[in-house]
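Breakdown of the fold
Residues per chain are reported as follows:
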Amino acid sequence: MADCLFCSIVAGSVSSFEVASTDECVAFLDIRPVFKGHILVVPRQHVVTLADLDPSLLSPLFQFVQRLSAAVEKGLGAGGSFVAMNNKVSQSVAHLHVHVVPRTKGDGLRGFFWPRTRYESDEEATSYATRVADALAGHS
């Protein structure tokens, strides 16, 4: 896609700090990292969300993310990693990408980046679970 920054990076027409690539994916440093060494992993194919990704690319994408997660820990001496993906909301570039962020104990990052809440009751929780399950099964 011509106006997609990540497609331009994949094509090599926009420079990046590439970390690694496969036939299906490219990994490069995020230019505004949560912590130094924060990597973005993108499929070469332009898709916006995880739901848009061809199922045949799921395994290659997540195997690559898995390898990068281990490499971030080993290569940067990180204690662990945070792996995340946004779909539409908070997706600053409309091209599927997975964040692999190095973590160290005491780095200041606490859980998720958004406020947490609770269900009012078990019934309310069940209603949410049921609505998603029904959508998964193709019911309205």
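Residues numbered from 1 in each chain as written. Predicted model: local features only at pLDDT ≥ 70, side-chain atom pairs only at ≥ 80, totals over all residues. Heavy atoms only, no water.

A closer look at the pairing of strand β1 (residues 18–21)
What counts here: DSSP calls a pair of strands paired once it identifies at least 2 bridges connecting them. Comment: elements are numbered from the N terminus, with helices defined as DSSP H or I runs of at least four residues and strands as E runs of at least two.
Pairing geometry for β1 and strand β2 (residues 25–29), over three bridges, is antiparallel. Paired with E18 across the two strands is F28, which belongs to β2. Counted along the chain from β1 to the antiparallel partner β2, the turn is three residues long.

Notes on unusual backbone geometry
Positive phi values are uncommon outside glycine, yet K88 reaches one of about 70°. Tracing the backbone through its elements, the reader meets K88 in the loop between β4 (80–84) and β5 (98–103). Positive phi, close to 70°, is recorded for S90, a residue that is not glycine.

Side note on a nonpolar patch on the surface
Stated precisely, the cut-off is as follows: Think of a patch as exposed residues, more than 30% relative accessible area, with no salt bridge, where like charges cluster within 9 Å and nonpolar side chains (Val, Leu, Ile, Met, Phe, Trp, Tyr) cluster within 5 Å. Surface exposure here means Shrake-Rupley accessible area, sampled with a 1.4 Å probe, where a residue is shielded only by the protein chains that are shown. Here, a salt bridge means any Lys or Arg side-chain nitrogen found within 4 Å of an Asp or Glu carboxyl oxygen.
A surface patch of nonpolar side chains, about 280 Å² in accessible area, is lined by F17, V19 and L29. Take F17: it is sitting in the loop between α1 (5–11) and β1.

Section: the sheet that holds β5
Applicable threshold: All axes are obtained by fitting lines to C-alpha atoms, using only the stretch in contact for helices, and the reported angles, taken between N-to-C directions, cover 0 to 180 degrees. Residues count as neighbours in contact if any of their non-hydrogen atoms are within 4.5 Å of one another.
Judged by pairing direction, the sheet is antiparallel, and its five strands sit side by side in the order β1-β2-β3-β5-β4 without closing on themselves. Strands at the two margins of the open sheet, each flanked by one partner only, are β1 and β4. Taken over all neighbouring pairs, the strand axes of this sheet differ in orientation by 20° on average, direction set aside. Where β2 and strand β3 (residues 39–43) come together, five bridges link them in antiparallel fashion. Directly across from C25, in β3, lies its bridge partner P43. Running at roughly 20° to β5, helix α2 (residues 58–76) makes contact with β1, β2, β3, β4 and β5 of the sheet.

Quick notes on α2
Keep this limit in mind: For a helix, the expected span equals 1.5 Å multiplied by the residue count minus one. Any residue under 20% of the maximum accessible area for its type is buried, any over 50% is exposed, and the rest in between are partly exposed; the area is computed with a 1.4 Å probe on protein chains only. To obtain the arc, one takes the directions from the helix axis to the C-beta atoms.
Between its first and last C-alpha atoms α2 spans 26 Å; for 19 residues at 1.5 Å apiece the expected length is 27 Å, and the two agree. Listed as buried for α2 are L61, F64, V65, L68, S69 and V72. Relative to the axis of α2, the buried residues are bounded by an arc of 145° and lie together on one face. Among the exposed residues of α2, those pointing more than 90 degrees away from its buried face are Q66, R67 and K74. Where α2 is buried, its residues meet β1, β2, β3, β4 and β5. One or two residues past the end of α2 sits G77, with phi positive at roughly 65°.

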